[in-house]
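Next come the chains, spelled out residue by residue.
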Amino acid sequence: MHAPQTGPRRIRVAATSAALLLSRPMKRCSPALILLSSTLTFAQASPSSQPAILDKNVAVPMRDGVVLRADVLRPAEAGKFPVLVYRTPYGKDAEQHDYTTFRHAAERSYAVVIQDVRGRYHSDGEFRPYENEARDGYDTIEWAATQPWSNGAVGTFGLSYPGAVQWLAAVQNPPHLKAMVPAMTFSTPQNFFYAGGTWDMSWIDWIWDNIAWNTRARKNLPGPRTKHEALAAWKDQGPKMLNTLPLAGVKPLQQVAPYYFDWLRHPPEDPWWNWSELRDKYSHTHAAVLNLSAWYDDNYGPEGATTNYAGLLKSRPADRDVGTHLLLGPWVHGVDNTEKTRSGEREFGATAAIHYDELILRWMDHYLKGVDNGVDREKPVRYFVMGRNQWRDADQWPPTARRTPLFLAPQTGSARSGQLQPAPFDNPDSLSDFVSDPTSPLVNPYESSGAHDYRKLAERADVLTFDSAALPEDTEVTGPIRASIFVSCDCLDFDLWARLLDVSPDGTAINLMSPGLDVVRASYRDLNRGRQLLSPGRIYQLNLDNLITSNVFLQGHHIRLQISATFTPNFSRNLQTGQSEATHAEMRKATIRVFHDKAHPSQIMLPVIPTDR
């Protein structure tokens with residue numbers, strides 16, 4: 001997760017384009033390893049600020065004896081200060097070059113601990129992404145609380161991987177953790193490593209871009225050993241790795257990332273994943289939590305923020321100040337993007353940008369320093385309504401809405417698309433069908449996250465398109481969305497993608513969320529029961545429950561639902577044989593039927609906000 005905080009993962013990429021580099025994490029110089037600890041005193045950039053002290057490569061011992069190393073930035077004046085902990089796999093030296101939060105925190109009289117996680121850059125041990133962060137994060141927080149420059153109050157912050165490590169430590173309930181701002185991160189491995197039962201293919205390029213080259217340098221392994229070399233090699237290696245079947249056959253990662261293959265051995269329902277599950281652990285932390293994400297964040301982001309917020313509220317019913325807020329903006333993944341007003345092809349206006357550093361420090365000022373800055377008196381939910389392009393403050397998430405179904409119906413006359421209509425189609429045996437061929441999948445034509453025009457997908461024979469009538473008035477849809485589709489297949493398994501789009505009068509069809517919220521694998525239609533293969537020809541009701549947005553469909557626009565069985569290279573292809581793509585390669589075509597008659601009322605349920613808002 002990240003890159004200049006752009007992924008744990010990173011922005012998804014198309015497998016076949018030489019322009020892949022355009023969507024990659026921002027380039028930056030590889031940090032030179034500093035082997036000797038040093039103490040530096042320097043003046044902050046602000047002319048009015050006081051000098052600060054930077055202690056380099058301070059040893060932080062973990063409970064198992066492994067030593068992690070951190071830089072400690074603290075005010076030069078004598079005293080004890082609240083501490084902010086930031087833990088990263090991307091190189092603490094580079095992070096301090098790329099981000100201003102550390103300097104601004106020191107100017108605000110915080111001590112800041114900036115640490116390389118286990119096995120990365122200056123820290124000892126073996127790197128296995130996320131797996132050691134609960135214990136190591138706990139130990140680092142408690143270490144920071146006992147240092148001579150610390151007053152014992154600790155907060156954490158960071159986006160993507162540096163956001164995930166906060167949660168993994170927080171649910172271990174470190175006593176001195178008082179506040180946290182985990183941004184653009186997850187709630188469950190079932191929508192992080194997987195999505196709807198499909199494997200997230202962006203782990204391959206995340207490892208290649210951010211992790212593998214440094215691992216080769218540390219272990220003297222062959223292959224790219226700098227960021228620049230890795231990005232250059234991706235042009236050739238990337239498409240090959242993303243198209244390799246079985247997934248476990250990606251040879252370029254076998255020496256540098258054994259954990260990747262361990263992950264593939266565990267399906268989404270495996271209890272092994274519990275170490276990264278948050279949804280049943282919210283009562284284990286008492287920290288004040290500001291949850292931040294974005295509508296075009298990677299698929300796990302908006303789901304993670306809203307799920308974590310709701311879980312914290314439920315775990316703290318008696319608290320006067322429950323100490324949790326939710327902020328959802330219109331951005332794509334990454335710190336820098338929160339200061340932008342454009343996501344892909346949508347422009348949201350000047351008010352869309354926020355000041356990320358000030359957001360964090362204002363939260364910390366209140367919950368670590370006790371500053372009466374009004375944070376506890378503000379409405380706990382703030383979200384950006386796209387289309388209307390305005391922020392809205394609310395007492396709850398989701399806001400009160402009218403649950404409004406739109407039912408699928410067949411095309412009429414010469415229309416190329418079917419219909420979305422307010423009542424079920426009242427004909428028996430009505431259906432639409434298409435052939436899904438995983439050897440020739442639907443390829444995402446865009447290499448970056450964000451809002452894009454997907455109108456051309458309606459021309460494909462393996463995509464079903466359903467449009468509403470032109471809307472007679474502006475229609476706001478805000479909150480969780482549920483698609484319920486009745487399907488059958490002449491196969492043992494397939495994936496169902498259901499994309500929600502906003503169609504302008506000129507035909508532009510804009511997606512409202514990143515891929516991954518809008519997919520379910522048929523064999524994982526009830527994840528709690530594990531994998532259940534299909535009986536060919538039998539009709540099943542498949543529910544997609546992770547769709548979420550806030551968007552005003554303007555008068556004259558259409559609401560579009562597009563259905564397909566593939567969407568690569570974002571997520572893995574279903575082989576449609578009943579075998580797992582992790583261990584098998586044989587694929588087969590399949591005919592998929594979508595039913596929309598009175599007995600099988602396929603529909604999408606929209607949370608429509610009253611127009612008087």
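About the cut-offs
Residues numbered from 1 in each chain as written. Predicted model: local features only at pLDDT ≥ 70, side-chain atom pairs only at ≥ 80, totals over all residues. Heavy atoms only, no water. Helix = DSSP H or I, 4+ residues; strand = E, 2+ residues; numbered from the N terminus. Contact = heavy atoms within 4.5 Å. Expected span 1.5 Å × (residues − 1). Bend = angle between axes of the 7 residues up to and from the residue. Buried < 20%, exposed > 50% of the residue type's maximum accessible area, 1.4 Å probe, protein only. Axes fitted to C-alpha atoms, helices over the stretch in contact; angles between N-to-C directions. Parallel < 35°, antiparallel > 145°, perpendicular 65-115°, else oblique. Left-handed = near helix turned anticlockwise from the far one by under 90°. Disulfide = S-S within 2.5 Å. Core = buried A, V, L, I, M, F, W, Y, C linked by side-chain atoms within 4.5 Å. Phe/Tyr/Trp six-rings, centres within 6.5 Å; stacked < 30°, edge-to-face > 60°. Lys NZ or Arg CZ within 6 Å of the ring centre and 35° of its normal. Pairing = 2+ DSSP bridges. Right-handed = clockwise from strand over helix to strand, strands pointing away. Polar contact = N/O pair within 3.5 Å; in protein donor to acceptor, adjacent residues only side chain to side chain. Salt bridge = Lys/Arg side-chain N within 4 Å of Asp/Glu carboxyl O. 1 Å grid on protein atoms, 1.4 Å probe; cavity = no way out; pocket = protein on both sides within 12 Å on 5 of 7 lines; lining within 4 Å. Points joined across faces, edges and corners; volume = space filled by probe spheres on them. Nonpolar A, V, L, I, M, F, W, Y, C, P; charged D, E, K, R; others polar.

**A few points about the side chain of Ser468**
Turning to step 1, where the next piece is worked out: Looking at where Ser468 falls in the secondary structure, it is placed in strand β19 (residues 464–468).
Turning to step 2, where the next piece is worked out: Apart from residues no more than four positions distant in its own chain, Ser468 is found in contact with Leu420, His558 and Ile559.

**Some remarks on helix α6 (residues 227–242)**
Turning to step 1, where the next piece is worked out: Its 16 residues give α6 an end-to-end C-alpha distance of only 19 Å, which falls more than 12% under 22 Å, the value for a rise of 1.5 Å per residue.
Turning to step 2, where the next piece is worked out: Bending of α6 peaks at approximately 60° at the position of Trp234.
Turning to step 3, where the next piece is worked out: For α6, the set of buried residues is Lys227, Ala230, Leu231, Ala233, Trp234, Gly238, Pro239, Met241 and Leu242.
Turning to step 4, where the next piece is worked out: The elements touched by buried residues of α6 are α5 (202–219).

**A closer look at the packing of α5 against α6**
Turning to step 1, where the next piece is worked out: Relative to each other, α5 and α6 sit at 150°, their axes nearing to 10 Å. As summarised for this structure, α5 and α6 are arranged roughly antiparallel, according to the angle between their axes. For the pair α5 and α6, the crossing hand works out as right-handed. Here α5 contributes Ile204, Asp205, Trp208, Asp209, Asn210 and Trp213 to the contact with α6, which in turn contributes Lys227, Ala230, Leu231, Ala233, Trp234, Gln237, Met241 and Leu242.

**With respect to the state of the cysteines**
Turning to step 1, where the next piece is worked out: Evaluation of the coordinates by the stated rule reveals 1 disulfide.
Turning to step 2, where the next piece is worked out: Between the sulfur atoms of Cys489 and its disulfide mate Cys491 the distance is 2.0 Å. Looking down the S-S bond of the Cys489 and Cys491 bridge, the torsion is 110°, so its handedness is right-handed. An identical accessibility class is assigned to Cys489 and Cys491; each is buried.

**Structural notes on the nonpolar core**
Turning to step 1, where the next piece is worked out: One finds Phe494 and Ile563 to be the most contacted residues of the largest nonpolar core, which totals 95 residues.
Turning to step 2, where the next piece is worked out: Among the nonpolar cores identified, the runner-up in size contains 72 residues, and Val60, Trp149, Tyr282 and Tyr300 belong to it.

**Topic: the packing of aromatic side chains**
Geometrically, a pair of aromatic rings is defined through the distance of the ring centres and the angle of the planes.
Turning to step 1, where the next piece is worked out: Taken as a whole and assessed by the stated rule, the structure comprises 42 aromatic pairs.
Turning to step 2, where the next piece is worked out: Look at Trp199 and Tyr260: their rings are 5.9 Å apart centre to centre, the planes differ by 65°, and that puts the pair in the edge-to-face class. Here Trp199 is found in strand β9 (residues 198–199), whereas its partner Tyr260 is found in helix α7 (residues 258–264), with 61 residues between them in sequence. A single burial state applies to Trp199 and to Tyr260, both of which are buried.
Turning to step 3, where the next piece is worked out: When the ring centre of Phe127 is taken as origin, the NZ or CZ atom of Arg120, which lies over that ring, is 5.4 Å away.
Turning to step 4, where the next piece is worked out: A cation sits over an aromatic face here: Lys369 above Tyr110, 4.2 Å from the ring centre.

**Observations concerning the pairing of strand β6 (residues 150–159)**
Turning to step 1, where the next piece is worked out: Taking burial as the measure, the 10 residues of β6 include 9 buried ones, the bulk of the element.
Turning to step 2, where the next piece is worked out: As defined by bridge partners, strand β4 (residues 81–88) adjoins β6 across 4 bridges and the pair is classed as parallel. Paired with Val83 across the two strands is Val154, which belongs to β6.
Turning to step 3, where the next piece is worked out: As judged from the 6 bridges shared by β6 and strand β7 (residues 177–183), these two strands associate in the parallel manner. Across the sheet, the residue bridging to Thr156 is Met180, located in β7.
Turning to step 4, where the next piece is worked out: Each parallel crossover has a hand, and for β6 linked through helix α4 (residues 161–170) to β7 it is right-handed.

**Side note on the environment of Gln541**
Turning to step 1, where the next piece is worked out: With respect to the element layout, Gln541 can be found in strand β24 (residues 540–553).
Turning to step 2, where the next piece is worked out: The contact partners of Gln541, leaving out residues within four places of it in the chain, are Ser484, Ile485 and Phe486.
Turning to step 3, where the next piece is worked out: A polar contact of 2.7 Å, which involves the side chain of Gln541, links it to the side chain of Ser484.
Turning to step 4, where the next piece is worked out: A polar contact of 3.3 Å, which involves the side chain of Gln541, links it to the side chain of Asn543.

**Let's talk about the pattern of salt bridges**
Turning to step 1, where the next piece is worked out: In the structure shown here, the tally under the stated rule is 36 salt bridges.
Turning to step 2, where the next piece is worked out: A salt bridge links Asp136 to Arg118, with the shortest nitrogen-to-oxygen separation between them at 2.8 Å. Of the two residues, Asp136 sits in helix α3 (residues 133–145) while Arg118 sits in the loop between β5 (111–116) and α3, which places them 18 residues apart along the sequence. An identical accessibility class is assigned to Asp136 and Arg118; each is buried.

**Some details on the environment of Ser488**
Turning to step 1, where the next piece is worked out: For Ser488, the position within the fold is in strand β20 (residues 475–489).
Turning to step 2, where the next piece is worked out: For Ser488, a relative accessible area of 6% translates into the label buried.
Turning to step 3, where the next piece is worked out: Remark: the alpha-carbon pair of Ser488 and Asp433, spanning 55 residues in sequence, is separated by 9.4 Å.
Turning to step 4, where the next piece is worked out: Residues in contact with Ser488, not counting those within four places in the same chain, are Gly537, Arg538, Ile539, Thr591, Ile592, Arg593 and Phe595.

**A look at unusual backbone geometry**
Turning to step 1, where the next piece is worked out: The omega torsion across Leu245 and Pro246 is -5°, close enough to zero to call that bond cis.
Turning to step 2, where the next piece is worked out: Assignment of secondary structure puts Pro246 in the loop between α6 and α7.
Turning to step 3, where the next piece is worked out: Here the bond from Trp397 into Pro398 is cis, since omega is -5°, no more than 30 degrees from zero.
Turning to step 4, where the next piece is worked out: Not every positive phi belongs to a glycine, and Ser160 is a case in point at roughly 75°.
Turning to step 5, where the next piece is worked out: Topologically, Ser160 is positioned in the loop between β6 and α4.
Turning to step 6, where the next piece is worked out: Positive phi outside glycine occurs at Gln576, with the angle close to 65°.

**What to know about the layout of surface pockets**
Turning to step 1, where the next piece is worked out: Approximately 760 Å³ is the volume found for the largest pocket.
Turning to step 2, where the next piece is worked out: If you go around the largest pocket, you meet 28 residues; those closest to its centre are Arg279, Glu303, Leu544, Asp545 and Asn546.
Turning to step 3, where the next piece is worked out: Where the lining of the largest pocket is concerned, the elements lending two or more residues are α8 (300–315), β20, β23 (519–521) and β24.
Turning to step 4, where the next piece is worked out: Sort the elements by how many residues they give to the lining of the largest pocket and β24 lands first, with 6 residues.
Turning to step 5, where the next piece is worked out: Residues belonging to the lining of the largest pocket are distributed by class as follows: 12 nonpolar, 10 polar and 6 charged.
Turning to step 6, where the next piece is worked out: Roughly 400 Å³ of volume is contained in the second largest pocket.
Turning to step 7, where the next piece is worked out: If you go around the second largest pocket, you meet 20 residues; those closest to its centre are Leu327, Leu359, Arg362, Glu378 and Arg382.
Turning to step 8, where the next piece is worked out: Of all the secondary structure elements, the ones that give two or more residues to the lining of the second largest pocket are β11 (324–332), α9 (356–369), β14 (381–385) and β15 (390–394).
Turning to step 9, where the next piece is worked out: Tallying contributions element by element places α9 first for the lining of the second largest pocket, with 4 residues.

**Quick notes on the side chain of Arg521**
Turning to step 1, where the next piece is worked out: Here Arg521 is to be found in strand β23.
Turning to step 2, where the next piece is worked out: Every residue in contact with Arg521, bar those within four places of it in the chain, is listed here: Gly196, Gly197, Thr198, Asp493, Phe494, Asp495, Ser572, Arg573, Asn574 and Glu581.

**What about the packing of α3 against α4?**
Turning to step 1, where the next piece is worked out: Their axes nearest at 8 Å, the elements α3 and α4 cross at an angle of 80°. With respect to α4, the element α3 is oriented roughly perpendicular. Facing Glu133, Ala134, Gly137, Tyr138 and Ile141 of α3, the residues of α4 in contact are Tyr161, Val165, Leu168 and Ala169.
Turning to step 2, where the next piece is worked out: Grouping the constituent residues of the contact of α3 with α4 by class yields 7 nonpolar, 1 polar and 1 charged.

Spatial relationships are all this shows, so hold off on functional conclusions.
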